[in-house]
Amino acid sequence: METVTGTVTHDPPHAAGGRQGRPLIVTEDAVLLDDLLRLCAAAGATPEVHHSVPQQRGGWESAPLVLVGDDAARRVRGAARRRGVVLVGRDQDDSGVWRRAVEIGADHVLVLPDGEQWLVDRIADVAEGVGRPALTVGVVGGRGGAGASTLACALAVTSAREGLRTLLVDADPLGGGLDVLLGGETVEGLRWPAFAASRGRVGGGALEESLPELHRLRVLSWDRGDCVAIPPQAVRAVLAAARRRGGTVIVDLPRRIDDGIAEVLAQLDVGLLVVPAELRAVAAAGRVASAVGMVLRDLRVAVRGPYAPGLDDREVARLLGLPLVGEVPVESGLLRPDGGKAPPGASARGPLARFCKEFWERSMTEAGTA
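A quick note: this is a predicted structure, and the numbers were derived from the prediction, not measured. (Residues numbered from 1 in each chain as written. Predicted model: local features only at pLDDT ≥ 70, side-chain atom pairs only at ≥ 80, totals over all residues. Heavy atoms only, no water.)

1. Focus on empty space enclosed by the protein
Definition in use: Only protein atoms enter the 1 Å grid used here. Points where a 1.4 Å probe fits but cannot escape make up a cavity, open sets with protein on both sides within 12 Å along at least five of seven lines make up a pocket, and a residue lines them when an atom lies within 4 Å of a point. Grid points are joined across faces, edges and corners, and a volume is the space filled by probe spheres set on the points. Elements are defined by DSSP. Helices are runs of H or I of four residues or more, strands are runs of E of two residues or more, and each kind is numbered from the N terminus. Lys, Arg, Asp and Glu make up the charged group, whereas Ala, Val, Leu, Ile, Met, Phe, Trp, Tyr, Cys and Pro make up the nonpolar group; the residues left over, Gly among them, are polar.
Applying the stated criterion to the full structure yields two cavities of 30 Å³ or more. Computed from the structure, the largest cavity encloses a volume of approximately 80 Å³. In terms of lining residues, the largest cavity is bounded by Arg 165, Thr 166, Leu 167, Gly 204, Leu 207, Glu 208, Arg 218, Ala 242, Arg 245, Gly 246, Thr 248 and Val 249. Of all the secondary structure elements, the ones that give two or more residues to the lining of the largest cavity are β8 (166-170), α7 (204-210) and β11 (248-253). The element that contributes the greatest number of residues to the lining of the largest cavity is α7, accounting for three residues. In the lining of the largest cavity, the residues fall into four nonpolar, four polar and four charged. For the second largest cavity, the calculated volume is near 50 Å³.

2. Digging into the packing of aromatic side chains
Under the convention used in this document: A pair of Phe, Tyr and Trp rings is counted when the ring centres sit within 6.5 Å of each other, with Trp represented by its six-membered ring. The angle between the planes then sorts it: under 30 degrees is stacked, over 60 is edge-to-face, the rest tilted. Exposure classes here rest on a 1.4 Å probe applied to the protein chains alone. A residue is buried below 20% of its type maximum, exposed above 50%, and partly exposed in between.
Throughout the structure, instances matching the rule amount to two aromatic pairs. Plain terms: the ring middles of Trp 192 and Trp 222 are 6.0 Å apart, the flat faces sit at 35° to each other, and that makes the pair tilted. Of this pair, Trp 192 sits in the loop between α6 (178-181) and α7 while Trp 222 is found in the loop between β10 (217-220) and α8 (232-244), placing the two residues 30 residues apart along the sequence. By relative accessible area, Trp 192 is classed as buried at 4%. By relative accessible area, which is 6% here, Trp 222 ends up buried. Their ring planes at 65° and their centres at 5.3 Å tell us that Phe 359 and Trp 360 sit as a pair that is edge-to-face. According to the relative accessible area criterion, Trp 360 is buried, its value standing at 4%.

What follows is the structure, given as structure tokens:
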């Protein structure tokens, strides 16, 4: 059990199957009820309100989150024990709140107004039906022209084709735009500059619906304006919202590490370092790996041919001291001057799509989501 007197992070109890749920409020305190209704509105949730344990069958047990006013603790004392019960009060000096929390089996004791932001985040998780977070993969080139953006797009296209909710994030403002690579630079939807002022929590559903949809996936890219930097807190809020939606998130990373990119790296599950198999690329990739590895623990190497004399994919991985994902195959259609009409990985039978599908199958198994 935990007392919340400020903004903290805590994993919410998941609604069954990731479905949306309505929080339950139990209180007769009119002032407290007004505050809780205000916080629910801020989180985009419509609660059920009762003065005591609901009479209808399953009402107490099925609510994904129960907010019990300190005034109602005695009235819910006999209710079935369950997770996701928060005892809400106002008196910081009332030591008896701990005893009442134990009596009702509360997970947390929340004191208003200090704990308001924590509670808004918790209620918003319920409103969004938060389930397992997205498997989040970053792709970075060992040197310029390594093919990281191509691989990132192919991973995203493959993920979407497999039926997963997929978001492709362009974290490189100087890369020309992944929406261009996917042939969707004119498709309506928000780009990164629209989120520059984001603070606190960004709604995952609202984020997804606001972004361009291309090839059955959502894309967060850059516009053609002058904005080339997003505040770190905005990057953190946007990527956290994307991860809460589940599925997969693929991030195309620049080779430089600034505060915003450090926020991205901190939320990645795995990183792929794309390295052409030639000595200068390996040397450059070593410096990139050193910088990225300061934040990201799980960094792996994906090698791209053709191979310089004396090198193969295993030797490149050995020189870099990184686990080997495999050899990234060349997709011949992407070598045409116009880049082809289809995005990278569009052909399910192509070698690049097969590489990406095998990567997702292994990664999902490792993550326990297969």
